[in-house]
Amino acid sequence: MTANIRVADHAGACYGVERALKLARRCGAEATPPVHTLGPLIHNPLVVRDLASSGVELAETLDDARAGTLIIRTHGVVPEVVDAARARGLDVVDATCPYVKKVHDAAAQLTREGYQLLVIGEAGHPEVEGILGHAGARAQVVGEASEVAGLTLKPRVGVVVQTTQTAQRLSEIVAALAPRVRELRVVNTICKATEERQRAAAELAAASDCMIVVGGKNSGNTRRLAEICAAACASTHHIESEDELDPAWFAGAYEVGITAGASTPQEHIDRVRARIEQIMSGE
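Residues numbered from 1 in each chain as written. Predicted model: local features only at pLDDT ≥ 70, side-chain atom pairs only at ≥ 80, totals over all residues. Heavy atoms only, no water.

### So, the layout of surface pockets
Part 1: When its volume is computed, the largest pocket comes out at roughly 220 Å³.
Part 2: Along its surface, the largest pocket is lined by Thr 166, Ala 167, Gln 168, Arg 169, Glu 172, Glu 195, Gln 198, Arg 224, Glu 227 and Ile 228.
Part 3: Every element with two or more residues in the lining of the largest pocket is listed here: α6 (167-177), α7 (192-206) and α8 (220-232).
Part 4: Element by element, the count of residues in the lining of the largest pocket is highest for α6, at four residues.
Part 5: Its residues placed into classes, the lining of the largest pocket shows two nonpolar, three polar and five charged.
Part 6: Volume-wise, the second largest pocket comes out at about 160 Å³.
Part 7: Looking at the second largest pocket, the residues that line it are Thr 111, Gly 114, Tyr 115, Gln 116, Leu 117, Ala 135, Gly 136, Ala 137, Arg 138, Ala 139 and Lys 154. (1 Å grid on protein atoms, 1.4 Å probe; cavity = no way out; pocket = protein on both sides within 12 Å on 5 of 7 lines; lining within 4 Å. Points joined across faces, edges and corners; volume = space filled by probe spheres on them. Helix = DSSP H or I, 4+ residues; strand = E, 2+ residues; numbered from the N terminus. Nonpolar A, V, L, I, M, F, W, Y, C, P; charged D, E, K, R; others polar.)

### Some details on the packing of helix α4 (residues 98-112) against helix α5 (residues 126-133)
Axis angle and axis distance: for two packed helices, these are the angle between their axes and the distance between the axes, and together they describe the pair.
Part 1: Remark: α4 packs on α5, axes separated minimally by 8 Å, with the N-to-C direction vectors making an angle of 35 degrees. For the crossing formed where α4 meets α5, the hand is right-handed. Of α5, the residues touching α4 (which contributes Val 100, Val 103, His 104 and Ala 107) are Glu 127, Gly 130 and Ile 131.
Part 2: Across the contact of α4 with α5, the residue classes break down as four nonpolar, two polar and one charged. (Axes fitted to C-alpha atoms, helices over the stretch in contact; angles between N-to-C directions. Left-handed = near helix turned anticlockwise from the far one by under 90°. Contact = heavy atoms within 4.5 Å.)

### A short note on the sheet that holds strand β5 (residues 91-94)
Part 1: Taken together, four strands build an open sheet; the order of strands is β3-β2-β4-β5 and the sheet is parallel. Edge positions in the sheet fall to β3 (56-59) and β5, since each has one partner strand and no second. Between one strand and the next, the sheet's axes are offset by a mean angle of 30 degrees, whatever the strand orientation.
Part 2: Here four bridges tie strand β2 (residues 35-38) to strand β4 (residues 69-72), and the two strands are oriented parallel to one another. Note that in β4 the partner of Leu 38 across the bridge is Ile 72.
Part 3: Packed on one face of the sheet, helix α3 (residues 79-87) meets β2, β4 and β5 and runs near 150 degrees to β5. (Pairing = 2+ DSSP bridges.)

### Digging into the packing of α7 against α8
Part 1: Interaxial distance between α7 and α8 falls to 8 Å at its minimum, and their mutual angle equals 30 degrees. The orientation of α7 relative to α8 falls into the category roughly parallel. The crossing of α7 and α8 is right-handed. Of the residues in α8, those in contact with Arg 197, Gln 198, Ala 201, Ala 202, Ala 205 and Ala 206 of α7 are Arg 224, Leu 225, Ile 228, Cys 229 and Ala 232.
Part 2: When grouped by side-chain class, the residues that make up the contact of α7 with α8 number eight nonpolar, one polar and two charged. (Parallel < 35°, antiparallel > 145°, perpendicular 65-115°, else oblique.)

Here it is in structure tokens:
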């Protein structure tokens, strides 16, 4: 069967992820050992495994990294964690995504200006926890528009957004907030790379018989890509590696689309495409 296999115009590792990977690999080769990341550097188990093989280990807590070099993950952490790491004598390398740092700054600024701060995002997600750490003790997380009705709101409310959220979710929550407050200040901190990937994925999925989304199952932005694609293409499949591809998915498919989350390196996309080509050619 001859199939048209296309990769979304915007897919795979974003600037913040590529920057973090370069920092981590350099640390693995040059920094004071042992070298650890505090939590997974990015939400991609295959990459975390590869980093471990190159000398960059995973520390779940500061107690797991008692000496050497500590790399702060792309999602960022609360300021107290960095202070505690330095107090223990660790060499701290900050791989926090610059766009996540912009959310930290916006959250802190709104709080200083007296706004009740709401963070649109996934409660418990590492990025959201880091934002809360810069936003003051009274900041709250909102994940869905339906949650707004249960909030006690002050007259002045400020909003920031987890970088990987969708513009639609932001719009829905803002629409629910607006009638209930006197002043609403929204800082749209959704990353441009996230918006580009979501838009390109939706367009490709709508034109595909089968859509493959590549990236960590623990990656929020990749899961959202899968949700967006599934809304446009019923045969959407979220995988981490080419080994998960099932030939049955491609039966009768003439248009096959591939997209990937912002924590997915290009070589992972290339391997998935190569395997699909093998499947479609009957190998």
